[in-house]
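# Results of the structural survey
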Amino acid sequence: MSENADAIREICDSIIRRVDRAYVADCGKRNEFPEKLWNMWAESGLLSMGLPEEYGGSGGHLTDIVLAIDLLHQHGLLLPIAVTNFMSREPLLRHASEEQRQRYLPPTATGESFFSFGITEPDAGTNTFKIKTTAIRQPDGTFLLNGGKTYQTAFVESDNCLLVARTQPYDPADRTKGISLFILDTKLPGISATQMEIGMYLPEKNYTTYFDNVVMPADALVGVEGQGLKILFDSLNSERLLVGAMNIGQADYCISRAAEYAKTRAPFDTPIGAYQSIQHPLARSKTYVEAARTMLYKACDAFERGQNVGVEANMVKILSSEAFKMSAEIAMTTFGGAGVDVTQDILPFYIAAQNNMVAPVNNQVVLSFIGEKVLGLPKSY
């Protein structure tokens with residue numbers, strides 16, 4: 001665990017005392033951004049973690065960020081935009097120009113602005129290679145952006161978006177060729193966005209975005225043109241770990257809520273927590289949560305030592321999402337009919353847990369990746 005762990009725990013305890021789950025749940029019901037919680041992340045210094053001091057940060061590592069997300073989500077204090085904000089820093093720190101780092105990173109530490117992320121397209125969900133959005137370099141050095149993205153969390157509210165686009169046409173012989181990464185100013189002319197109707201209680205809005213001859217400046221490009229896929233994995237591996245922390249924290253929230261309910265609910269005069277049909281699944285869920293948590297922090301440690309954590313990050317995704325789903329399902333079972341009562345605040349987690357089996361990448365593809373890379377099985381996708 002990080003040497004900053006005790007300080008982070010104190011900060012999170014302070015936030016938990018000042019903002020409760022009811023506030024965040026209400027923001028989710030109204031699909032409104034939890035400004036109060038976001039401001040606490042900023043004022044407490046949590047947003048500055050993992051960012052070097054020369055860019056306005058307080059230093060530290062990915063483990064520090066993961067710990068804060070884990071602790072706060074154990075109390076249902078959801079802040080999904082923290083994931084895109086933190087994950088967008090990694091490729092910038094490693095591949096952006098010094099001018100780009102000085103310009104774009106400091107505001108992410110103060111809460112003045114945050115990054116959204118643009119990769120998913122209607123016809124290219126898990127298969128990033130098939131994206132159709134293009135950013136073609138013009139004679140004057142600018143890039144002409146056309147196409148669109150979907151499931152973009154907080155795109156309209158963000159100032160900048162880390163965008164994946166093709167700078168060369170799709171080549172079946174080399175699917176990775178021509179994918180580039182850009183810092184897109186979300187307010188540029190030619191950009192439009194439509195809010196999606198998502199059947200979940202989310203504190204941030206999701207959008208389908210459209211790009212019609214959007215002119216991006218030459219310095220919007222991150223790293224080398226056409227080399228964006230390699231850069232992208234610096235972002236996606238950290239994303240897996242950050243989402244893993246969200247899953248694990250929320251799973252613990254579901255288990256604690258169910259356990260408390262099971263101690264007092266006694267329709268036949270004996271608390272239902274004494275029934276093995278309730279007790280054993282809760283105990284099993286808690287065991288899976290702690291196993292996922294152990295692997296999460298192990299993977300973070302390897303990430304900070306500069307190791308390739310593609311396998312570990314994907315294993316964390318599998319373990320954490322399945323632990324979350326297991327915990328949400330037994331929580332719904334424990335609450336019985338009361339589980340569908342929104343005021344009980346269990347149903348939103350049940351829906352989210354199912355969604356996280358397929359997002360930010362579906363578990364079937366993750367298992368295929370592990371089968372190929374770890375077990376040496378034939379490539380299946």
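Described below are features of the structure shown in this document.

Each value, and the rule that gives it
- Residues numbered from 1 in each chain as written.
- Predicted model: local features only at pLDDT ≥ 70, side-chain atom pairs only at ≥ 80, totals over all residues.
- Heavy atoms only, no water.
- Axes fitted to C-alpha atoms, helices over the stretch in contact; angles between N-to-C directions.
- Helix = DSSP H or I, 4+ residues; strand = E, 2+ residues; numbered from the N terminus.
- Parallel < 35°, antiparallel > 145°, perpendicular 65-115°, else oblique.
- Left-handed = near helix turned anticlockwise from the far one by under 90°.
- Contact = heavy atoms within 4.5 Å.
- Core = buried A, V, L, I, M, F, W, Y, C linked by side-chain atoms within 4.5 Å.
- Buried < 20%, exposed > 50% of the residue type's maximum accessible area, 1.4 Å probe, protein only.
- Pairing = 2+ DSSP bridges.
- Polar contact = N/O pair within 3.5 Å; in protein donor to acceptor, adjacent residues only side chain to side chain.

### Description of the packing of helix α10 (residues 310–335) against helix α11 (residues 347–355)
The geometry of α10 relative to α11 is characterised by a closest axis approach of 9 Å and an angle of 150° between their N-to-C directions. Judged on the interaxial angle alone, α11 and α10 are roughly antiparallel. Like other packed secondary-structure pairs, α10 and α11 cross with a definite hand, here left-handed. In contact with Phe324, Lys325, Ala328, Glu329 and Met332 of α10, α11 contributes Leu347, Phe349, Tyr350, Ala352, Ala353 and Gln354.

### Section: the nonpolar core
The biggest cluster of nonpolar side chains holds 98 residues, and the ones touching the most others in it are Trp41, Leu241, Leu242 and Leu296. Here the element with the most residues in this core is helix α8 (residues 228–264); it accounts for 17 residues. Each residue touching Leu241, except ones within four places of it in the same chain, is listed here: Leu62, Val66, Leu296, Ala299, Cys300, Phe303, Ala313 and Val316. One finds Phe143, Phe155, Phe211 and Met216 within the second-largest nonpolar core, a separate group that totals 17 residues.

### Quick look at the side chain of Ser327
You can see Ser327 is positioned in helix α10. Assessed through its relative accessible area of 0%, Ser327 is described here as buried. If we ignore the near neighbours within four places in the chain, the residues touching Ser327 are Ala251, Cys254, Ile255, Ser285 and Val289.

### Some points on the pairing of strand β4 (residues 160–166)
The buried count for β4 comes to seven of seven residues, which makes it a mostly enclosed element. Going residue by residue along β4, you find Asn160, Leu162, Val164 and Arg166 tucked away on one face and Cys161, Leu163 and Ala165 tucked away on the opposite face as well. Taken together, the four bridges between strand β1 (residues 115–118) and β4 define a ladder with parallel strand orientation. Its bridge partner being in β4, Phe117 is matched across the sheet by Leu162. Pairing analysis gives seven bridges linking β4 to strand β5 (residues 179–185), with the strands arranged antiparallel. In the strand pairing of β5, Cys161 is matched with Leu184.

### Describing the side chain of Ser321
Within the secondary structure, Ser321 sits in helix α10. One polar contact links the side chain of Ser321 to the main-chain carbonyl oxygen of Lys317, over a distance of 2.8 Å. Engagement of the side chain of Ser321 in a polar contact is seen with the backbone oxygen of Ile318, the distance being 3.2 Å. Apart from residues no more than four positions distant in its own chain, Ser321 is found in contact with Asn247, Asn356, Met357 and Asn363.

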